[in-house]
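Commentary on secondary and tertiary structure
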Amino acid sequence: QQQVKQSPQSLIVQKGGISIINCAYENTAFDYFPWYQQFPGKGPALLIAIRPDVSEKKEGRFTISFNKSAKQFSLHIMDSQPGDSATYFCAARVTNSGYALNFGKGTSLLVTP
Amino acid sequence: DTAVSQTPKYLVTQMGNDKSIKCEQNLGHDTMYWYKQDSKKFLKIMFSYNNKELIINETVPNRFSPKSPDKAHLNLHINSLELGDSAVYFCASSMGQGAGSPLHFGNGTRLTVT
């Protein structure tokens, strides 16, 4: 059962453009929403995370937008660069619950020069 | 300086064999995990240990058996390997399961069963 639904599956953006990846969830008990970035041959690494008490979090060129009522959150990558080409995973968890992080199915991002 | 290290990086074996994957973390974390990433890159939790005790055991065939000799190690033993076990297996660790404790992943072990 997929608890976090992610779209699109793949994305091609030109250098300098904005990359947008969307995720939706059903479990209203989720209280932690991280995004992970994975390069080929490497493990996923935390990129940015948000709690549901804020609607937006920005770190450099990366921004999470969170809509609690719609149960949706998204990752925006501003001024996308070829080095951003990777697979991005959204995830969600009920913290300190004994339940593991639930990952979306991933978005393969290609930023063209 | 590798924070979460897995060995081996690649594992090619025949159906029916038994194999083990080792994982060690030097971050001082108390919680460790095994995730399976399939050919479509979907990451699925298999097991989680906290202070050497099993806390998460998803629906995984009992051919898979994790072992945690101490907080810094979580090994995965797989018996009677099947073709469908081919995947990349990731070990990860965290300090507890709070929001302020992200998962740190190893670089994976690519298992190919022929």
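Keep in mind that what you see is a predicted model, and the values were worked out from it rather than measured. (Residues numbered from 1 in each chain as written. Chains lettered and ligands numbered in written order. Predicted model: local features only at pLDDT ≥ 70, side-chain atom pairs only at ≥ 80, totals over all residues. Heavy atoms only, no water.)

**A few points about the overall build of chain A**
When you go through chain A residue by residue, the secondary structure sums to zero helices and eleven strands. Starting at the N terminus and ending at the C terminus, chain A contains elements arranged as β-β-β-β-β-β-β-β-β-β-β. Against the compact-globule benchmark of 13 Å for 113 residues, chain A has a radius of gyration of 13 Å, which places it among compact chains. Dimensions along the principal axes, computed over C-alpha positions, put chain A at roughly 45 × 30 × 20 Å. (Helix = DSSP H or I, 4+ residues; strand = E, 2+ residues; numbered from the N terminus. Rg over C-alpha atoms; globule rule 2.2 N^0.38 Å.)

**Considerations on the interface of chain B and chain A**
On the chain A side, the residues contacting the 21 residues of chain B number 23 residues. Contact between chain B and chain A buries roughly 1,800 Å² in total, counting both sides, with carbon and sulfur atoms accounting for 54%. Connecting chain B to chain A are zero salt bridges. On inspection of chain B and its partner chain A, the count reaches five residue pairs in polar contact (both at pLDDT 80 or more). Listed by contribution, the elements that provide at least two residues to the side of chain B that touches chain A are β4 (31-37), β5 (43-50) and β6 (53-57) of chain B. A total of three residues in the side of chain B that touches chain A trace back to one element, the largest contributor, which is β4(B). Of the residues belonging to the side of chain B that touches chain A, the class tally is twelve nonpolar, six polar and three charged. (Contact = heavy atoms within 4.5 Å. Buried area = accessible area lost by both parts, 1.4 Å probe. Salt bridge = Lys/Arg side-chain N within 4 Å of Asp/Glu carboxyl O. Polar contact = N/O pair within 3.5 Å; in protein donor to acceptor, adjacent residues only side chain to side chain. Nonpolar A, V, L, I, M, F, W, Y, C, P; charged D, E, K, R; others polar.)

**Some thoughts on the packing of aromatic side chains**
If you walk through the whole model with that rule in mind, you get 17 aromatic pairs over all chains. Judged by centre distance (6.1 Å) and plane angle (55°), the rings of A:Tyr25 and A:Phe30 are tilted. One exposure class covers both A:Tyr25 and A:Phe30, and it is buried. Measuring from ring centre to ring centre gives 6.3 Å for A:Phe66 and A:Phe73, while their planes differ by 40°; the resulting arrangement is tilted. Classification of A:Phe73 as buried rests on a relative accessible area of 2%. Among the aromatic residues, ring-to-ring pairing joins A:Tyr36, A:Phe89, A:Phe103, B:Tyr33, B:Tyr35, B:Phe90 and B:Phe105 into one connected group. (Phe/Tyr/Trp six-rings, centres within 6.5 Å; stacked < 30°, edge-to-face > 60°. Buried < 20%, exposed > 50% of the residue type's maximum accessible area, 1.4 Å probe, protein only.)

**Details of the pattern of salt bridges**
Side chains carrying opposite charge are able to pair once their charged atoms draw close together. Taken as a whole, this structure holds six salt bridges over all chains when the rule is applied. Note that A:Arg61 is salt-bridged to A:Asp84, the shortest N-O span being 2.8 Å. With A:Arg61 in the loop between β6 (56-59) and β7 (62-67) and A:Asp84 in the loop between β8 (72-77) and β9 (86-92), this pair connects stretches of sequence that are 23 residues apart. One salt bridge in this structure joins B:Arg63 and B:Asp85, with 2.8 Å as the shortest N-O distance. Placement of the pair is B:Arg63 in the loop between β6 and β7 (64-70) and B:Asp85 in the loop between β8 (73-78) and β9 (87-94), with a sequence separation of 22 residues. We note that B:Arg63, like B:Asp85, is buried. What emerges from the salt-bridge pattern is a single network uniting B:Arg63, B:Glu82 and B:Asp85.

**Remarks on the state of the cysteines**
In total, this model carries two disulfides over all chains according to the counting rule given. Linked covalently through their sulfurs, A:Cys23 and A:Cys90 form a disulfide whose S-S length is 1.8 Å. Handedness of the A:Cys23-A:Cys90 disulfide follows from its S-S torsion of about -95°: it is left-handed. Of the two residues, A:Cys23 is situated in strand β3 (residues 19-25) and A:Cys90 in strand β9; the sequence distance between them amounts to 67 residues. With respect to class, A:Cys23 is no different from A:Cys90; both count as buried. The residue that forms a disulfide with B:Cys23 is B:Cys91, at a sulfur-sulfur distance of 1.9 Å. In this structure the cystine formed by B:Cys23 and B:Cys91 twists about its S-S bond by roughly -75°; its chirality is therefore left-handed. Within this pair, whereas B:Cys23 is found in strand β3 (residues 19-25), its partner B:Cys91 is found in strand β9, the two being separated by 68 residues in sequence. With a relative accessible area of 2%, B:Cys23 lands in the buried category. (Disulfide = S-S within 2.5 Å.)

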